[in-house]
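In case you want the letters, here they are:
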Amino acid sequence: QLALWLSSAILSIFSVIFVVVTYVMYRSFRRHPNNLVVLRSVMDLVFCSLLFQHVYDKGESTANLQERCENGPQKFMGFLTQVTALGSELCFLVICGDLALSVVNPFTDTLANSRKYRWFVFLVSIGSGILLVIIPGAGGLSFLGICWTQLHDNDDSSATINVYSWSFFFVPLILIYLICMGTLLFAWQRMRSGLPESFKTHQEMIGMSRRYVAGYFVYWTIAASFYLAIFWRGDTFVSDEPKYPALLDALAFILGGKAIVTLVVWIMNAKASQGGLHHASEEQVMADLNKVLRNEVLKYTTEGIRASVALAESSRNGDEVCLLSRSVDGTWWHDGGAQVFFNQDGSVSVDAARDVSLRDLSGSFEEKDSGPLTGALIPDPRTRRLSSKPRKRLLTMGETHFRDFCPESFHEIRTMFGVTREAYDRSLSQTAKERFSEGASGAFLYFSQDQRFIVKTTTKSECEYLCRIMPAYKDHFRRNPNTVITKFFGCHAIQLYTMTMYFLVMENVFITDVPIHERYDLKGSWVSRNAPIVAVGKKAVCRNCFQSFKVGDREYCPARPNRPHVANTVLKDNDLNFKVLLSPDRAKQITDQMNRDTDFLAGQNIMDYSLLLGVNRRQHPIDRVEPNTAAPLHRQDQGGLQASVVEGPGMYFFGIIDILQEWDASKRMERFLKIFCRCKNRVGISAVSPQEYKERFQRRVVREIIGGSSLDDSVSVGPPSPHLRSKQEDCDTLPSLEISSGTH
């Protein structure tokens, strides 16, 4: 028995070493969720190492072993056994949960989620280990002969169930595998619908998890069979004279070889996805289910936006919510019966039918003059005929619902600013780059092919708030055609699979062909208003030469002699060390407009907005002064040598963004916590009332940075760099104004 236990444990240890080494050395093995598999393998390594305790304790009496496991230093061994045994299976649970999340939410951040998964595994497993230690009678000598769950005095009876063993391990184990089996079936159903190009990646991702589910399910089925056979016969590993030593030997080998299953599935997945251990293409290694599903959502969102605009042109129902449904053949159906077709040349045509008015953002729909609508007309993907189905239900495969909020109002706004339906449709017919927002929201956004429009994810509350202020929002645009407030051209929601996502279509602030060398996000506050440091190893674009580089590499920028590249991240208030230099008349016009815009925002109870400032740096030639030829060469131009050109800001771009944050309870709580818990300066934080926010913004951003510009006053006035202020000063007093010497 000991020889089998020892040999299988050694095989498991070598299996774990192989998994960890290949994960570190070969890029092809670092594919998500293998990082979680490695964590499971490490826990299996510790668990198998703990089994050597049985070899070490051979020859000891059961009473001595029991005493040491209950009161001696080996009590910690029981804690560690519980943590690693349960933690290993929790790793598998989060792998299944990550698969389900990836299938239904294409905007999941796998790296951020992996950290949450690890915290979950550690907290739950360590918590169970602590409970095992502190609950009287729970920890002790287990039937395996190692310190774990208490071996009851009457465990030699086949009618006795060890409550602690089942409570701390076997019941959670059964629940984990039932959940994982259900998750696999759920993911397989979701895989059956979607874009053809995503089908392969769906299959590959689910195939990897399916192999782990099958492998561990078979493993624990076999182990449970031997355990139950031993249990019903009243045998244990600590019996002086085992009744069925062959069963104990088999179970010892199975438990000791736990990590071997991971190794087998690890190699099977590598071969299945790459055709070999060392021949992985970059596309296969970097393929990510989230990326594929994002493309799927972007395709449906773009189609839905174009369809809703086409429908708004043909049918005017006011600012009621318009619902569209997409059939499996790609045709979008208005719930009122209108069909929207995408032609081969990319144009959109509408076959209008009867009108149905859909009201209320919460999803309560009514048909005009017909009372409540109990079933919405949507296409049945199996028959491709209109059928009446209840509104509140899980979507069947192939259905995609798209909601268009306030279509008439957004049509008016597009008309105000000269955006025709044809230009809007042509711009959104294809998408360009996509990325996650650099702001605190972390929203996902993508650009239209001509870079004029941005489609950005938002929350339901922001969508509802925009619809509430829509009359005042339109009226402000009518009165102020030169407004710098963000222009929203559409507000939509797409319901794909079981998830509803909200999107805003807005005009890009930087509609230009000239390069933007610097971007600033200015709020007028100064607490925590420095640009974050870019992590070493992350890919970025240099703001000076616009070359891609990896942060931390010792590569010099060709535009800056003997200086490294600088990442073109969004800078903030404390990073700004110059004023915006405009002609007096233009400076007055733009500051007056910004004051009117911020007055409007304050009147709508809005705060926490920003001025997005873009800077294009240029070389400006200067007039040559008459040289003094009698002086030495290096002193001929007023005691020195005159430059032929000077480099500095040559063009500015303005836009007030993030205008949908209301001064609500959450912002009041944020202000309270920052002032009284984090000891922040109550005047310098961003969370202030709309009126105070407006006054500070107009004073510190509009007047000081833009309105106070002149050729004779080109340095900014503001608080000193936070690196020069003590924490006590930041907490108690508003810093005095002085020349800022900090540079980014």
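Criteria and thresholds
- Residues numbered from 1 in each chain as written.
- Predicted model: local features only at pLDDT ≥ 70, side-chain atom pairs only at ≥ 80, totals over all residues.
- Heavy atoms only, no water.
- Helix = DSSP H or I, 4+ residues; strand = E, 2+ residues; numbered from the N terminus.
- Buried < 20%, exposed > 50% of the residue type's maximum accessible area, 1.4 Å probe, protein only.
- Contact = heavy atoms within 4.5 Å.
- Areas by Shrake-Rupley, 256 points an atom, 1.4 Å probe, with all protein chains shown as cover.
- Axes fitted to C-alpha atoms, helices over the stretch in contact; angles between N-to-C directions.
- Parallel < 35°, antiparallel > 145°, perpendicular 65-115°, else oblique.
- Nonpolar A, V, L, I, M, F, W, Y, C, P; charged D, E, K, R; others polar.
- Pairing = 2+ DSSP bridges.
- Patch = residues over 30% accessible without salt bridge, like charges linked within 9 Å, V, L, I, M, F, W, Y side chains within 5 Å.
- Salt bridge = Lys/Arg side-chain N within 4 Å of Asp/Glu carboxyl O.
- Core = buried A, V, L, I, M, F, W, Y, C linked by side-chain atoms within 4.5 Å.

**Points about the overall build of the chain**
Consideration 1: For the chain, the helix and strand inventory stands at 20 helices and 22 strands.
Consideration 2: Counting only residues that meet the buried cut, the chain has 50% of its 744 residues in that class.
Consideration 3: For the chain, the proportion of contacts with a sequence separation of at least 24, taken over those separated by at least 6, is 70%.
Consideration 4: When the accessible surface of the chain is totalled, it reaches about 35,400 Å², and 57% of it is carbon and sulfur.

**A short note on the environment of Leu298**
Consideration 1: With respect to the helices, strands and loops of the structure, Leu298 is situated in helix α12 (residues 289-314).
Consideration 2: Considering only alpha carbons, one finds Leu298 and Tyr446, 148 residues apart in sequence, at a separation of 8.5 Å.

**Thoughts on the packing of helix α17 (residues 584-603) against helix α19 (residues 690-707)**
Consideration 1: It is the contact of α17 with α19, at a shortest axis distance of 10 Å, that shows an interaxial angle of 170 degrees. Between α17 and α19, the crossing angle belongs to the class labelled roughly antiparallel. On the side of α17, the interface is formed by Ala587, Ile590, Thr591, Met594, Asn595, Thr598, Asp599 and Ala602, while α19 contributes Pro690, Gln691, Lys694, Phe697, Gln698, Val702, Ile706 and Gly707.
Consideration 2: The residue makeup of the contact of α17 with α19, split by class, is eight nonpolar, six polar and two charged.

**Here we look at the sheet that holds strand β15 (residues 518-522)**
Consideration 1: One open sheet holds the four strands; their spatial order is β18-β15-β19-β20, and the pairing between them is mixed. Each edge of the open sheet is held by one strand with a lone partner, namely β18 (570-572) and β20 (645-657). This sheet shows a mean twist of 30 degrees between the axes of neighbouring strands, independent of strand direction.
Consideration 2: The sheet contact formed by β15 and strand β19 (residues 610-621) spans five bridges and is antiparallel. Note on β19: the bridge partner recorded for Arg519 is Gly614.
Consideration 3: Its contacts with the sheet place α17 against β19 and β20, and it is angled at close to 25 degrees to β20.
Consideration 4: Contacting β15, β19 and β20, α19 crosses the sheet at an angle of about 10 degrees to β19.

**What about a nonpolar patch on the surface?**
Consideration 1: Residues Leu6, Ile10, Phe14, Ile17, Val21, Val24, Met25 and Tyr26 make up a contiguous nonpolar surface patch of about 710 Å² in total accessible area.
Consideration 2: Within the secondary structure, Val24 is located in helix α1 (residues 2-25).
Consideration 3: Here Val24 falls in the exposed class, since its relative accessible area comes to 52%.

**Structural notes on the nonpolar core**
Consideration 1: Core analysis: the largest hydrophobic core is formed by 78 residues, its most contacted members being Tyr424, Leu466, Phe488, Leu611, Phe654 and Ile659.
Consideration 2: Non-local contacts of Phe654, meaning those with residues more than four positions away in its chain, are made with Val509, Val580, Leu582, Ile590, Met594, Leu611, Leu612, Leu613 and Ile706.
Consideration 3: Listed in part, the 53 residues of the second largest apolar core include Leu173, Tyr219, Leu248 and Leu251.

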